[in-house]
Each structure stands twice: as structure tokens, then as C-alpha cells.
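Each chain, written out:
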Amino acid sequence: MAEVIVTIDNAWAVDGIIEAIKKLRGVTSAKLQKEEETKKKPMASKKYSPRIERLQQLCGTGITQEDIDNDSRLAYLLSK
């Protein structure tokens, strides 16, 4: 499930915006959080193996045929 965060500077519009978001197709919930609550959440950074990090790097740039030819695991995963 993906999460979309919206920042609103006019408090008077919050209720209308939440109701409009709830009416969008695919939205399961919409809620209001105070700004202090969002700042308290620490961003967790996990360490992954070099293989996983390489696949993550490919995610934003696209996968070329050369990448597939050089990595048998990637070729196997893409063939499934």
C-alpha cells in the first residue's frame, strides 16, 4: 500500500480536502496528523547486501539488455 502525504497551510480547508481525498477511487483512508507527530517519526535506514543495493540502483535508471546479460540472477527473475 502506498501513502501520500499532503501539507496544508490553511487550516480552514482541511475538512474539505480530507473529504475530497476520501472520494477518490482507490483511497482506503484519509486522516489528519499534527505537524509534531510527523516530525517525531525517525526515518529508518536499513543496510542491504550489495546485490540488493545494485538492484535498487537499477530501479530508477531502467534496466538495459547489457545489465541483464551481465547478471544471471536478474535474467532469471525477469524471465519469470
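Residues numbered from 1 in each chain as written. Predicted model: local features only at pLDDT ≥ 70, side-chain atom pairs only at ≥ 80, totals over all residues. Heavy atoms only, no water.

1. Side note on a nonpolar patch on the surface
Together, Tyr 48, Ile 52, Leu 55, Tyr 76 and Leu 77 give the surface a local cluster of nonpolar side chains, amounting to about 480 Å² of exposed area. Contributing elements (two or more residues each) for the nonpolar patch: helix H3 (50-61) and helix H5 (72-79). Among the structural elements, Leu 55 can be located in helix H3. Overall, the relative accessible area of 35% leaves Leu 55 in the partly exposed class. (Patch = residues over 30% accessible without salt bridge, like charges linked within 9 Å, V, L, I, M, F, W, Y side chains within 5 Å. Areas by Shrake-Rupley, 256 points an atom, 1.4 Å probe, with all protein chains shown as cover. Salt bridge = Lys/Arg side-chain N within 4 Å of Asp/Glu carboxyl O. Helix = DSSP H or I, 4+ residues; strand = E, 2+ residues; numbered from the N terminus. Buried < 20%, exposed > 50% of the residue type's maximum accessible area, 1.4 Å probe, protein only.)

2. Re the confidence of the model for the protein chain
Per-residue pLDDT for the protein chain has a mean of 78; in total, 84% of the residues score no lower than 70. The lowest-confidence element of the protein chain is helix H2 (residues 35-40), averaging 59 in pLDDT; the highest-confidence one is helix H1 (residues 14-22), averaging 86. (pLDDT = per-residue confidence, 0-100.)

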